[in-house]
Amino acid sequence: MKVIKLLNLSNYRYFLFILLILTYIPLFSYYRELNLNGGHSFLTADWLINYKFGYVNRGLIGTLIVSLSKSGTTLLNLITYSLIFIYILIFYFLHKTFNNKNQNLISYFLIFSPLAFLFPIYDSQGSFRKEILGILALYILTSSINSKNYNLSLYASSIIYTIGIFSHSVNLFFLSTILFILYNFQKTKKYFDYILYILPSAFYILINLFLRPTEQKLTIIKNELCSYMYDLELENLCGYGSFDFITWDLNAHYLISQNYIINLNRDVYLFYIVLFLFSLVPYLFDKQAFQLFKMFLPLFVTFVPLFLIAIDWGRWLYIMSLCLLSIYLLSDKNIISSRLKYLLFLYPVAFRAEHCCNIKFEFSFEYFLNNINYLFANFLSFI
């Protein structure tokens, strides 16, 4: 009990918020340096897909960004500092959620799980992706559950969620968690609260089912977007990357994913499943674990299609982990008294997951030591 009290750092009001920012400073510096050198064909380019030459299903946020400047350098700086600000907002609303409910030892280790907020630290290629809009929308909502600021946060969350889904379809997969939280924790009986999220989701799906341009038209749009990037002196963004995926439809994503699973590397796919099961271990130290897993099961089902149609499995596990974390932070908790719970101190370095298509895991002291050294070096790099 003394150790748990010692670790009850939520008494220090902004401890979690500051710790997350300090953890991410090296990642922020990496992204800034990346964009100072012309940007990245995924981590930067995805944010510049826009409607300038026609409708594409990832284009809303890019349209807003390119409307602000005609200078490539200015756009890169705008993306850099806007995305860093989004991360800081996520940490702030996570901190508010954390402090609005009694937390325990498990809460800390779930936050600093290799599949939660340490995921982008271990694999920078999984950072600065458009799911941060969905994450922000989710934690704005959780921060205000049963508070006087609920209505304001609900509107802000739904607006960001809507921008998120029209910027990348991956943000649709936050919908089930958001609706679950509204029903089970806010216990709202107002249909309007649910419609704020359901209506834009339905609208987005209908547009992409019936009004999506042909593959030929999308290829033309892609080429025009790349020409526009060259005009802005952002040619780095037109290598193999996000612009190539503009022309892919749902069937193309499915076929590529299934080919990878069946013909290329089925073992890797299965091992990602094992890693996800391993990421659930901290929940087993809560006496309410069985009830938690009953709550989680319907959410697991809603994520299944994502794993069938796209191969960034590490990213999808990251999103799932943050959704489950949001529910746990809002739930009643009761940690078990077993001394085994102190094994959780090894949890942040027990494994790591790549954002896509690769696994680096071995059960050895050297592997754990490398993870410890990596995190330690991460903290020291901004000093």
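The coordinates are above.
Report on the accompanying structure. Bear in mind the structure is a predicted one, so any value in this text is a computation, not a measurement.

### Side note on the overall build of the chain
No. 1: Scanning the chain from N- to C-terminus turns up 16 helices and zero strands.
No. 2: Here the chain has a C-alpha radius of gyration of 21 Å; the compact-globule value for 383 residues is 21 Å, and the two agree.
No. 3: Along the three orthogonal principal directions, the C-alpha set of the chain runs to about 65 × 55 × 45 Å.
No. 4: Within the chain, contacts between residues at least 6 apart in sequence are counted, and of these 79% link residues at least 24 apart.
No. 5: Summed over its atoms, the accessible surface of the chain is roughly 18000 Å², and 65% of this surface lies on carbon and sulfur atoms.
No. 6: Averaging the positions of the 27 positive and the 19 negative side-chain charges in the chain gives two centres separated by 15 Å.

### Digging into the layout of surface pockets
No. 1: Taken as a whole, the largest pocket holds about 1100 Å³ of empty space.
No. 2: Along the walls of the largest pocket sit 36 residues, with R58, H168, S169, H253 and A310 positioned nearest its centre.
No. 3: Of all the secondary-structure elements, those providing two or more residues to the lining of the largest pocket are helix 10 (191-210), helix 12 (250-264), helix 14 (289-309) and helix 15 (313-330).
No. 4: Per-class residue counts for the lining of the largest pocket are 19 nonpolar, ten polar and seven charged.

### Thoughts on the side chain of S176
No. 1: With respect to the helices and strands, S176 occurs in helix 9 (residues 175-186).
No. 2: Each residue touching S176, except ones within four places of it in the same chain, is listed here: L299 and T302.

### Quick word on the side chain of N35
No. 1: Structurally, the position occupied by N35 is in helix 2 (residues 15-36).
No. 2: Polar contacts involving the side chain of N35 include one to the side chain of T80, which spans 2.8 Å.
No. 3: Here N35 is in contact with H40, T44, L76, I79 and T80, once residues within four sequence places are set aside.

### What to know about the nonpolar core
No. 1: In terms of nonpolar packing, the biggest core is built from 130 residues, with F91 and F117 touching the most fellow members.
No. 2: Residue contributions to this core peak at 14 residues, all from helix 15.
No. 3: What F91 contacts, discounting residues up to four positions off in sequence, is F17, L20, I21, Y24, F28 and F117.

### A closer look at the packing of helix 7 (residues 131-142) against helix 15
No. 1: At their nearest, the axes of helix 7 and helix 15 sit 11 Å apart, and the two run at 5° to each other. Considered as vectors, helix 7 and helix 15 are oriented roughly parallel to each other. Facing E131, I135, L138, Y139 and T142 of helix 7, the residues of helix 15 in contact are R315, Y318, I319, L322, C323, L325, S326, L329 and L330.
No. 2: Classifying every residue of the contact of helix 7 with helix 15 by side-chain character gives ten nonpolar, two polar and two charged.

### Re the packing of aromatic side chains
No. 1: One pass over the structure, following the stated rule, counts 40 aromatic pairs.
No. 2: Ring centres of F278 and Y347 lie 6.4 Å apart, and the angle between their planes is 50°; on these two criteria the pair is classed as tilted. Note that F278 is positioned in helix 13 (residues 266-279) and Y347 in the loop between helix 15 and helix 16 (365-380), a separation of 69 residues in sequence.
No. 3: On the basis of relative accessible area, F278 is assigned to the partly exposed category, the value being 33%.

### A look at a nonpolar patch on the surface
No. 1: A cluster of nonpolar side chains, namely I205, L206, L209, F210 and L211, defines an oily patch on the protein surface of about 570 Å² accessible area.
No. 2: Mapped onto the elements, L206 comes out in helix 10.
No. 3: Using a relative accessible area of 46% as the deciding quantity, one classes L206 as partly exposed.

### Some remarks on empty space enclosed by the protein
No. 1: Summed over the entire model, instances satisfying the criterion amount to one cavity of 30 Å³ or more.
No. 2: A volume near 70 Å³ is recorded for the largest cavity.
No. 3: Together, L110, S113, A116, S279, L280, Y283, S321, L324 and L325 line the largest cavity.
No. 4: The element best represented in the lining of the largest cavity is helix 15, accounting for three residues.
No. 5: Class assignment of the residues belonging to the lining of the largest cavity gives a composition of six nonpolar, three polar and no charged.

### Some points on the pattern of salt bridges
No. 1: Overall, the coordinates contain six salt bridges when judged by the stated rule.
No. 2: Measuring nitrogen to oxygen at the nearest pair gives 3.5 Å for the salt bridge that ties R58 to D46. Taken together, the positions of R58 in the loop between helix 2 and helix 3 (60-66) and D46 in the loop between helix 2 and helix 3 put the pair twelve residues apart, joining distant regions of the chain. Each member of the pair, R58 as well as D46, is classed as buried.
No. 3: The closest approach of N and O atoms between R315 and D312, which form a salt bridge, is 2.7 Å.
No. 4: What makes R315 buried here is its relative accessible area of 4%.

### Details of helix 9
The periodicity of an α-helix, 3.6 residues per turn, causes residues three or four places apart in sequence to face the same way.
No. 1: Taking 1.5 Å per residue as the helical rise, helix 9 with its twelve residues ought to reach 16 Å, and the 15 Å between its terminal C-alpha atoms agrees with that figure.
No. 2: Extensive coverage of helix 9 is indicated by the burial of nine of its twelve residues.
No. 3: Of the positions making up helix 9, those classed as buried are L175, S176, T177, I178, F180, I181, L182, F185 and Q186.
No. 4: Structurally, helix 9 contributes buried residues whose contacts are with helix 7, helix 8 (150-165), helix 10, helix 14 and helix 15.
No. 5: Phi for K187, located one or two positions after helix 9, is positive at around 55°.

### Remarks on helix 10
No. 1: Along its 20 residues, helix 10 runs 27 Å from first to last C-alpha, staying within 8% of the 28 Å computed at 1.5 Å per residue.
No. 2: Taken as a whole, helix 10 has its buried residues at D193, Y194, L196, Y197, P200, S201, Y204, I207 and N208.
No. 3: Taken together, the buried residues of helix 10 touch helix 7, helix 8 and helix 9.

Definitions and cut-offs
- Residues numbered from 1 in each chain as written.
- Predicted model: local features only at pLDDT ≥ 70, side-chain atom pairs only at ≥ 80, totals over all residues.
- Heavy atoms only, no water.
- Helix = DSSP H or I, 4+ residues; strand = E, 2+ residues; numbered from the N terminus.
- Rg over C-alpha atoms; globule rule 2.2 N^0.38 Å.
- Contact = heavy atoms within 4.5 Å.
- Areas by Shrake-Rupley, 256 points an atom, 1.4 Å probe, with all protein chains shown as cover.
- Lys, Arg positive; Asp, Glu negative; His and termini not counted.
- Charge placed at Lys NZ, Arg CZ, Asp CG, Glu CD.
- 1 Å grid on protein atoms, 1.4 Å probe; cavity = no way out; pocket = protein on both sides within 12 Å on 5 of 7 lines; lining within 4 Å.
- Points joined across faces, edges and corners; volume = space filled by probe spheres on them.
- Nonpolar A, V, L, I, M, F, W, Y, C, P; charged D, E, K, R; others polar.
- Polar contact = N/O pair within 3.5 Å; in protein donor to acceptor, adjacent residues only side chain to side chain.
- Core = buried A, V, L, I, M, F, W, Y, C linked by side-chain atoms within 4.5 Å.
- Buried < 20%, exposed > 50% of the residue type's maximum accessible area, 1.4 Å probe, protein only.
- Axes fitted to C-alpha atoms, helices over the stretch in contact; angles between N-to-C directions.
- Parallel < 35°, antiparallel > 145°, perpendicular 65-115°, else oblique.
- Phe/Tyr/Trp six-rings, centres within 6.5 Å; stacked < 30°, edge-to-face > 60°.
- Patch = residues over 30% accessible without salt bridge, like charges linked within 9 Å, V, L, I, M, F, W, Y side chains within 5 Å.
- Salt bridge = Lys/Arg side-chain N within 4 Å of Asp/Glu carboxyl O.
- Expected span 1.5 Å × (residues − 1).

Just geometry here; none of it tells us what the structure is for.
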